[in-house]
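Observations on chain architecture
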Amino acid sequence: MAGLFRFGFKKGGAPQRVTYSSRDESVDISDVDEELNEEDESAHISGTIVDESPSTSRRITSPPPAKKSKHRDSGFFQGWATKYKWLNYVQDEGMFCKVCTQHGQGRSNDNWVKTGCTQYREDKIRKHEKSSRHQVAIALEADKRQSEKGVARAFDKAISVEQEAFMASLRCMYWLLKNEIAHTTKFVPLLDLAKQLGCRYLDNLEMSGNTNYTSERTVQEMVWSLGEVIRREKLKAVQDSSVFGLVIDETTDVTTTEQLIVYAKYHEGPQTKTSFVGIVDIKSSCTADNITAKVVEFADANDLPIRGKMAGFGSDGASVMVGCRNGVATQLKRVEPMIVSTHCVAHRLALAVGQVEKDMPVIKRFNAALQTLYEFYDFSSVRAGALRLIEERMEEPSVLPKRARATRWLSHEQACSTLHRIFPSVVTSLHREAQERNDPKALGLVRMLENWKFVATLYMMVDILPQLAILSKCFQTSSIDFHMIERAVDNTVRVLESLEVAPGKHFAQLLDGSQLEQLADKGLNITFTIENVQEFRTGVYTTFIDRLIENIRSRFPDTEIIDALKIFDPSILPDSAEEAQEWNFGEEDLQTLLAHYQAGLNIEAEACREEWISLRSNLILHKPNGYVGCMQSIFRCQDLYPNMTAIAAASLVIPISGADCERGFSAMKRIKTRLRNRLSQHALNSLMFIACEGPSCEEYPLNEAAKIWSEIRNRNIVLSFPEQQAD
């Protein structure tokens, strides 16, 4: 027997109370009687008795009640079935005990189990209830119910322990992916480290010999599930936006596979965001037709309709992207004419500066010398070590020459500023390499660096390039808008013009001769005269600045649509509504916008003109702060100005910069390395979503990822999550 019974008897021999001690705890069997009295209420109502004996099951309806008399009618009384829930009445057979029958507590001749009791008196019922066999049956029923509860608790505990272990492993996996660490080789060691640090519940992942949830297949499914949560979230936000723009760029990964990265610019509530939405394997040459086909295929697969919703397209400005005859932008405009194509402003600035190098041989030779100098020290640890020793002795910064690359927008400024800081150490190091090691390359470099034209060019660059770097950083911010571009360009041009009139600090030191003395104190034998510097200023310095200004202005022209959007710039609004009405302010630009957006956004032209008159007065009255403030004012009044709101929303998703794509490529190169060159396209997409858009480990919704993972195929582990309450 599962437990121990303790009986107490009265003097006459009838049992007084039975207490049953189960394996888990002591149970008072009177509680079981109360539970029995609470069960199956529906089986004993409205004069109906249910026969629940094992041999038969039928419903008996009692006769209608007769007139009340002083004495009870003979036969079975219905109230007994309600009072004693263990009692089961079978017509023509008698009264049975359900509990004794279930637990086999009757003798062969027991009239409560084998045959029914036909003595329909309540004292007989109470006598059986107090009998030792009935008390044993009640105790066994208590043990059974307690065991069932214990099994349920044990099962729930097992599920809870397994789920805790799996969720912890899933969090470890996300930590690896978010920090761009190789998951295939580091996942199991990370779990082992966690176990060594005391997280022994991770042992519950090993459910059987072949099921431990660390196999390659399971790991890849975890990666996909973690990335899928973020992918669905971002695509849902783009799909819910009234309009969106796409920014694309192409590159080649470590396996020489042509990859096309896609970012989307969209509205999420009152904010405009730019998010990574996918990376596509082009699988063929990067022609305009192939790229366009991939963009259309990607948009269709992710429920991003180009027609009616795509309002902007951004690229790096390559001819394959913006070609006027058959470029990608041109082909997309054939699908949706309201698309506005833009060329990344950071790329434009880089091209403007790079064009000067092609036009001026002295700048081209200077950049070639920077590249040669970088390679001289980068390819030899011995030379680099010797340079650091010299820098230490000369009390200069311990850095090596930087590389100036055309593909890095700020690299030229960094290379020039670094060389300027360690110029005496570099020249001294080159002299040592040429004399002690008879290195011909060092001899050629030292002759080039000691040429006064090289020194003058270096000091010119140190004054001018920081201004271009500031402009480039401005173009790479996420808050940049078209009106900020115009102001930033104008401000940079004014600074360059002022430097042309009054040279910067470093070049001015060459003009007054003070820099020559400082170089001589460092032991450098560089000879030049003030006349040489004046000649350089006239022939190179002024020409370089003039070419820069010319190229910058030519690279940033205003298109018709972009120029028309200036009506949303509060800084050019008239002082009063009367002046605006008198000058018809913005009406010509509004007509340009209507001609472009009317069909695509289903705008009512006449209603839009009326809205503009009211909106213009509102903007003049409240004077919003900047372009963003103007847009926020329009969105707050979108019920009053639905047509103007649609135009404003479309203008905000026009891409301005491709800096996000460049950051995405940097993430891709950190993820898909030579040691991880076998990453599949699906895995690369998941890793990119996590790296570029994933929240921190603390904020990531692990439950959603676990649900997706559990639905991929049947699992041995059981995962349960509370239902989310509706708002």
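Okay, so let's go over this structure. All figures in this text were calculated on a predicted structure; none of them were measured in a lab.

This part covers helix α12 (residues 361–378). In this model α12 runs 26 Å from its N-terminal to its C-terminal C-alpha over 18 residues, within 8% of the 26 Å that 1.5 Å per residue would give. Taken as a whole, α12 has its buried residues at V362, I363, F366, N367, A369, L370, Q371, L373, Y374, F376 and Y377.

The next thing to look at is the pattern of salt bridges. On inspection of all chains with the given rule, the structure shows 25 salt bridges. Here D123 and R121 are joined by a salt bridge, their closest N and O atoms 2.8 Å apart. Overall, D123 belongs to the partly exposed group, its relative accessible area being 34%. The exposure class assigned to R121 is partly exposed, which follows from its relative accessible area of 44%. Measuring nitrogen to oxygen at the nearest pair gives 3.7 Å for the salt bridge that ties D203 to K195. With a relative accessible area of 30%, D203 lands in the partly exposed category. Look at K195 and you get buried, because its relative accessible area is 14%.

Pairing in this open sheet of five strands is mixed, and the strands run β10-β9-β8-β11-β12 from one edge to the other. Taken across any chain shown, the strands that pair with only one partner, and hence form the sheet edges, are β10 (271–281) and β12 (340–343). Across the sheet, the axes of successive neighbouring strands diverge by a mean angle of 20°, strand direction being ignored. Two elements, strand β11 (residues 310–315) and β12, share four bridges in a ladder whose sense is parallel. Across the sheet, S315 pairs through a bridge with H343, a residue of β12. Against the sheet, helix α7 (residues 216–240) touches β8 (244–252), β9 (258–268) and β10, its axis set at about 55° to β9. Sitting on the sheet, helix α10 (residues 328–335) touches β8, β11 and β12, and the angle it makes with β11 is about 175°.

Next up on the list: the packing of helix α17 (residues 452–475) against helix α21 (residues 530–555). Orientation of α17 relative to α21, taken along the N-to-C sense of each, is 35°, at an axis distance of 11 Å. Regarding α17 and α21, the two cross each other, and that crossing is right-handed. Each of W452, K453, A456, T457, M460, M461, I464 and L468 in α17 lies in contact with α21, whose residues at this interface are N532, V533, F536, V540, Y541, F544, I545, L548 and I552. Tallied by class, residues from the contact of α17 with α21 come to 14 nonpolar, two polar and one charged.

The rules we used
- Residues numbered from 1 in each chain as written.
- Predicted model: local features only at pLDDT ≥ 70, side-chain atom pairs only at ≥ 80, totals over all residues.
- Heavy atoms only, no water.
- Helix = DSSP H or I, 4+ residues; strand = E, 2+ residues; numbered from the N terminus.
- Expected span 1.5 Å × (residues − 1).
- Buried < 20%, exposed > 50% of the residue type's maximum accessible area, 1.4 Å probe, protein only.
- Salt bridge = Lys/Arg side-chain N within 4 Å of Asp/Glu carboxyl O.
- Pairing = 2+ DSSP bridges.
- Axes fitted to C-alpha atoms, helices over the stretch in contact; angles between N-to-C directions.
- Contact = heavy atoms within 4.5 Å.
- Left-handed = near helix turned anticlockwise from the far one by under 90°.
- Nonpolar A, V, L, I, M, F, W, Y, C, P; charged D, E, K, R; others polar.

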